[in-house]
Amino acid sequence: MTQKPRFTGQKESIFNNEVVSRFELYNSLFLTLPFYKIKDTGTLLPLFIKYCEDGVRNKQTPAEIINVFFEKYTQASTPKDIIDLLFRFIQYIERQVVLFDAVEDASFSKLNTSEGQSSLRSMLKKSEYNTELHQKTAQLIEDFSLRLVLTAHPTQFYPGSVLSIITDLTSAIKVNDIVTINQLLQQLGKTPFFNKKSPTPVDEALSLSWYLENVFYFAAANVQSEIDSSLEEYNIPSKKAIELGFWPGGDRDGNPNVHAEHTLQVSKMLRQILFRCYYRDLRKLKRRITFRGVEETIYKVQDILYQNAFDNNIVPKNISAFLIENLNQIKSTLIESHDGLFADLVDDLLRKVELFGSHFASLDIRQDSGVLKAVHAYCRQSKPIISLFPENYDELSEQEKIKHLSFKSAKVNYTEKPDALTEDTLQTIAEIKKIQESNGELACHRYIISNCQKASDILQLIELFLWNGWEEDDLTIDFVPLFETVNDLESAAEVMQELYAHPFYRKHLENRGNKQDIMFGFSDGTKDGGYLMANWSIFNAKVALTATALNHNIKLAFFDGRGGPPSRGGGKTHLFYASMGKEIANKHIQLTIQGQTISSQYGSIDSAGFNIDQLINAGISAGMKEKHNILLDPQHKDVLDVMARESFNSFVALRKHPLFLTYLERFSPLSLLSKITISSRPVKRSSGEKLRLEDLRAISFVTSWGQLKQNIPGFYGIGTALKNQEAQGNWDNITTMYHESGYFKTIIDNCMMSMSKSDFSITAHFANDPEFGDFWKMLNDEYELSKSMLLKLAGHSVLMENYPVEKRSIAVREKIVLPLVLIQHFALEKLQESLSEEEIPSYEKLAIRTVYGIVNAGRNSA
């Protein structure tokens, strides 16, 4: 929906007064604080920032900017002195980013309102006197669900101690508590930001669980409470609408550091954290409910919660039904004997138990199809399975392979010791059953197959379950194919058609309520085919998969693997779901939230509640409208097919350029990312020394371009495609699509957001590089072409003109981290010189340290 000019201008004024002005005020205070080892740094930093801005404007190299600054304004003369002061600048800037985050978060409720958005309550009100519309609304709510899945992708750098400071700082800024702000800024200056060694998968899970315990536990319950209240008002039965998922400890795709014991540890940790939250709430409840008639039940609930929260020796069981029964009993007594006093407090805890059960968040297991094929091959060599397969099974056609799958439960007698990956896969399959027994079925019920290309990738995995302790009738697992590349997306509907028609799989789906989850990888799709082709391929795959599922009476849920930036499926996500059209299944919204998306959009109870609301309202309002998506009309679809192919060809030609990977390795910190101590996951999938583009993880690929401030994956090829269509006389058609298709408009607007975080002026001196000058010019030319074509299409004079607050926020953040970008380039340039063995690690550390602040400032840049 187009923003109202009055409201937009009002938000911009609020942002300038509440955010920018307050940041400048508190930043001036921050710069005067006497931090250890960084005395006088706060005085020099503003000068350095100004010098960086002037230097970029004059197209100076980072070395020229930094060397002249140190000569004019400091007494630092040796490389060591220069590096030391640059490190101090970095420390200050990292904390300036945190301060700006806190100031912006403190103004969240003032900047984000429901104006211009359809709420659930307003939709119910519209249907109040229309029986048919009321029934339709009630059915939509009954069918709808939202699943947010927290992932362990390495773009969230703050430890729990810093997150707690940010939370407290935000609260202090809300009420302008200068004394507390001053103390917290001092604490921030003295608190380490990063780990000295890489975290284990369990460490990652513990770090991410901070958000579960401190944000989602409350935010999800608050939103569910609003839903319950709205439904009760219009006599519609209550419906659990929110589910949480969790990947740390379960996602082992390409990560050799995740093992079965980690999966078990994480499931136990999630359970224990949840019961501590329940216990904390019950203690508060007990302070209010001091009446006769409920003491015994409260003590019984308190005792079992205490055991599950703190006693590591108990045998864990799913006790959610016990808790619900006893909490309902307490509530009934309050209503019958005490006029319902404090029944709302019981309702709050009851609601949380109904949302989170005994598991908190469902632990997804993910593994690559290639690994699962190898495990299946290993099992086929053992008795009694060996007799069921021919020796040349791997050489058979897809149809012949499927014919040999018998789906017989068997106790396998393994003759050879498996390799580590095979052992982990088999052990994990067995451990899932234990997790379900202790935490409930929802604790771990999905197995995601990455790089899924054939029906046999799913069916062979089912056999692995049946050979490792599972029975057909008790197979409480949902098998989720993940389609990622452009080619895999094109054949996705064909793969699912084969699965739906397979007798065993069809029976399994019937046992699972005829519901099928299908996952998409936006990141790998963009890395494979560029921004426009990735989005268009996923759109077309969803249309085809929806039609296939309808033909087989399957309830379909699309699970979107979205990252932070638009090039990884991020941006204005809710607008995608609000504009799908009736041709795409949209009753179950499922998406990953990771890294900066977690901290920026779900970092506080207010922001998490707001964004959960937006997604729920987007899904239900789209179902209410049931609008045909005009992009499927031949005159529009044909044009977009051509545009996607043209942008794809342009992007692939860039990828195949002989300097493509060399340029990225030379001018970005790509080759150093493996030394950053933020993740248990390797930067690339293979263990070979030579870096190959196909092995490079999409997150490392996108992050590296973001560090360069060029964001190539977020726009490259779209300008060429638009220019070609204009030349062919199709411009009016494309303009119609932009104004009438919310989906296409969101693609374009998100592209402009990505480009707003690009700044080719920082690397303008590359144009004079004898080896890479022409390559840089090619990138810059496509950027300028894309910018001019997008502005013409939107009718704007600047990028993100229709989102002035976000535009201003990006501008302030980019100004804060400009010195970090230049310091990074300075260090990378130095590493190209002949350095001593002592100097190399210093410049590597300098370059690596800048990565954190640049990504954190971007909020959705990785």
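Residues numbered from 1 in each chain as written. Predicted model: local features only at pLDDT ≥ 70, side-chain atom pairs only at ≥ 80, totals over all residues. Heavy atoms only, no water.

1. A closer look at the overall build of the chain
When its secondary structure is counted, the chain shows 35 helices and nine strands. Relative to the compact-globule value of 29 Å for 862 residues, the chain shows a C-alpha radius of gyration of 28 Å, a close match. Seen through its C-alpha atoms, the chain measures out along the principal axes to roughly 75 × 75 × 60 Å. For the chain, with 862 residues in total, the buried portion stands at 60%. The long-range fraction of contacts in the chain, counting pairs at least 24 apart against all pairs at least 6 apart in sequence, stands at 81%. Just so you have it, the chain exposes about 34700 Å², and 49% of that area is on carbon and sulfur atoms. (Helix = DSSP H or I, 4+ residues; strand = E, 2+ residues; numbered from the N terminus. Rg over C-alpha atoms; globule rule 2.2 N^0.38 Å. Buried < 20%, exposed > 50% of the residue type's maximum accessible area, 1.4 Å probe, protein only. Contact = heavy atoms within 4.5 Å. Areas by Shrake-Rupley, 256 points an atom, 1.4 Å probe, with all protein chains shown as cover.)

2. Examining the nonpolar core
The biggest cluster of nonpolar side chains holds 276 residues, and the ones touching the most others in it are Phe-216 and Phe-479. Those residues in contact with Phe-216, other than ones at most four positions away along the chain, are Leu-148, Leu-150, Tyr-211, Ala-221, Leu-244, Phe-356, Ile-593, Tyr-602 and Ile-612. Core analysis: the second largest hydrophobic core is formed by seven residues, Val-149, Trp-247, Ile-448 and Met-519 among them. (Core = buried A, V, L, I, M, F, W, Y, C linked by side-chain atoms within 4.5 Å.)

3. Focus: the sheet that holds strand β8 (residues 555-561)
Read across the open sheet, the nine strands follow the order β3-β2-β1-β9-β8-β7-β6-β5-β4; overall the sheet is parallel. Where the open sheet ends on each side, the last strands, each with one partner, are β3 (362-363) and β4 (365-368). Pairing between β4 and strand β5 (residues 446-450): four bridges, direction parallel. The residue of β5 that forms the bridge with Gln-367 is Ile-449. This element, helix α18 (residues 455-466), spans β5 and β6 (478-483) of the sheet and lies at about 145° to β6. (Pairing = 2+ DSSP bridges. Axes fitted to C-alpha atoms, helices over the stretch in contact; angles between N-to-C directions.)

4. Here's the deal with the pairing of strand β1 (residues 145-150)
Looking along a regular strand, one sees side chains alternate from face to face of the sheet. Across the six residues that make up β1, a large majority, six, are buried. What you see with β1 is no split at all: Ser-145, Arg-147 and Val-149 on one side and Leu-146, Leu-148 and Leu-150 on the other are buried throughout. Strand direction decides the pairing type here: β1 and strand β9 (residues 588-593), joined by six bridges, are parallel. In the sheet register, Arg-147 faces β9, and the bridge partner there is Gln-590. Where β1 and strand β2 (residues 242-246) come together, five bridges link them in parallel fashion. What sits directly across from Leu-146, in β2, is Ile-242.

5. Regarding the environment of Leu-482
You can see Leu-482 is positioned in strand β6. On the accessibility criterion, Leu-482 (0% relative accessible area) is buried. A C-alpha to C-alpha distance of 19 Å links Leu-482 and His-508, two positions 26 residues apart in sequence.

6. Observations concerning unusual backbone geometry
A negative phi holds for most residues other than glycine; trans holds for most peptide bonds. The omega angle of the peptide bond from Lys-383 to Pro-384 is -5°, so this bond is cis rather than trans. By secondary structure assignment, the location of Pro-384 is in the loop between α15 (369-379) and α16 (398-403). Even without glycine at this site, Asn-176 takes up a positive phi of about 55°. Its place among the elements puts Asn-176 in the loop between α8 (160-174) and α9 (178-190). Here the phi dihedral of Met-800 falls at roughly 60°; this positive angle occurs in a residue that is not glycine.

7. Details of the packing of aromatic side chains
In this structure the tally under the stated criterion is 47 aromatic pairs. Three or more aromatic residues joined by ring pairs make a cluster, and in this case those are Phe-660, Tyr-663, Phe-667, Phe-701, Trp-705, Phe-766, Phe-772 and Phe-775. A cation sits over an aromatic face here: Arg-380 above Phe-389, 5.7 Å from the ring centre. Across the ring face of Tyr-393, the terminal group of Lys-401 is positioned such that the distance to the ring centre comes to 5.9 Å. (Phe/Tyr/Trp six-rings, centres within 6.5 Å; stacked < 30°, edge-to-face > 60°. Lys NZ or Arg CZ within 6 Å of the ring centre and 35° of its normal.)

8. Observations regarding helix α27 (residues 634-655)
Spanning 22 residues, α27 covers 31 Å between terminal C-alpha atoms, matching the ideal 32 Å at 1.5 Å per step. Every buried residue of α27 is accounted for by His-636, Val-639, Leu-640, Met-643, Ala-644, Glu-646, Ser-647, Phe-648, Ser-650, Phe-651, Val-652 and Leu-654. (Expected span 1.5 Å × (residues − 1).)

9. Thoughts on α18
In a regular helix each residue adds 1.5 Å, so twelve residues correspond to 16 Å; α18 covers 17 Å between its end C-alpha atoms and thus fits that length. Burial analysis of α18 places twelve of its twelve residues in the buried class, the great majority of the element. Where α18 is concerned, the buried positions are Ala-455, Ser-456, Asp-457, Ile-458, Leu-459, Gln-460, Leu-461, Ile-462, Glu-463, Leu-464, Phe-465 and Leu-466.

10. Overview of the packing of α18 against helix α20 (residues 492-501)
In the contact formed by α18 and α20, the axes pass within 8 Å of each other and the chain directions differ by 40°. Classed by the angle they form, the pair α18 and α20 counts as oblique. Together, Ala-455, Ile-458 and Leu-459 of α18 and Val-495, Glu-498 and Leu-499 of α20 make up the contact between the two elements. Partitioned by chemical class, the residues of the contact of α18 with α20 number five nonpolar, no polar and one charged. (Parallel < 35°, antiparallel > 145°, perpendicular 65-115°, else oblique. Nonpolar A, V, L, I, M, F, W, Y, C, P; charged D, E, K, R; others polar.)

11. A closer look at the state of the cysteines
Summed over all chains, the structure comprises zero disulfides. This cysteine, Cys-379, is not joined by any disulfide, and Cys-452 carries the nearest cysteine sulfur, 19 Å off. (Disulfide = S-S within 2.5 Å.)

12. So, the pattern of salt bridges
Taken as a whole, this structure holds 43 salt bridges when the rule is applied. In this structure, the salt-bridge partner of Lys-50 is Asp-54, at a minimum N-O distance of 2.9 Å. Residue Lys-50 and its partner Asp-54 are located together in helix α2 (residues 41-57), separated by four residues, close to a single helical turn. Of the residues examined, Asp-54 reaches a relative accessible area of 23% and is grouped as partly exposed. In this structure, a network of salt bridges that share partners links the residues Arg-147, Glu-243, Asp-364, Arg-446, Lys-515 and Asp-517. (Salt bridge = Lys/Arg side-chain N within 4 Å of Asp/Glu carboxyl O.)

13. Re the pairing of β8
Of all seven residues making up β8, six are buried, and the element is well covered by its neighbours. Pairing analysis gives three bridges linking β8 to β9, with the strands arranged parallel. Along β9, the bridge assignment pairs Phe-558 with Ile-589.

14. A few points about the side chain of Thr-137
Among the structural elements, Thr-137 can be located in helix α7 (residues 131-143). Judged by its relative accessible area of 0%, Thr-137 falls in the buried class.

15. What to know about the packing of helix α34 (residues 804-830) against helix α35 (residues 839-858)
α35 packs onto α34 with a crossing angle of 155° between their chain directions and a minimal axis gap of 8 Å. Considering their axes alone, α34 and α35 lie roughly antiparallel with respect to each other. Handedness of the crossing formed by α34 with α35: left-handed. Seen from α34, the contacting residues are Arg-813, Val-817, Leu-820, Val-821, Ile-823, Gln-824, Phe-826, Ala-827, Leu-828 and Lys-830; seen from α35, they are Tyr-843, Leu-846, Ala-847, Thr-850, Val-851, Gly-853, Ile-854, Asn-856 and Ala-857. Each residue belonging to the contact of α34 with α35 can be placed in one class, and the counts come to 13 nonpolar, four polar and two charged. (Left-handed = near helix turned anticlockwise from the far one by under 90°.)

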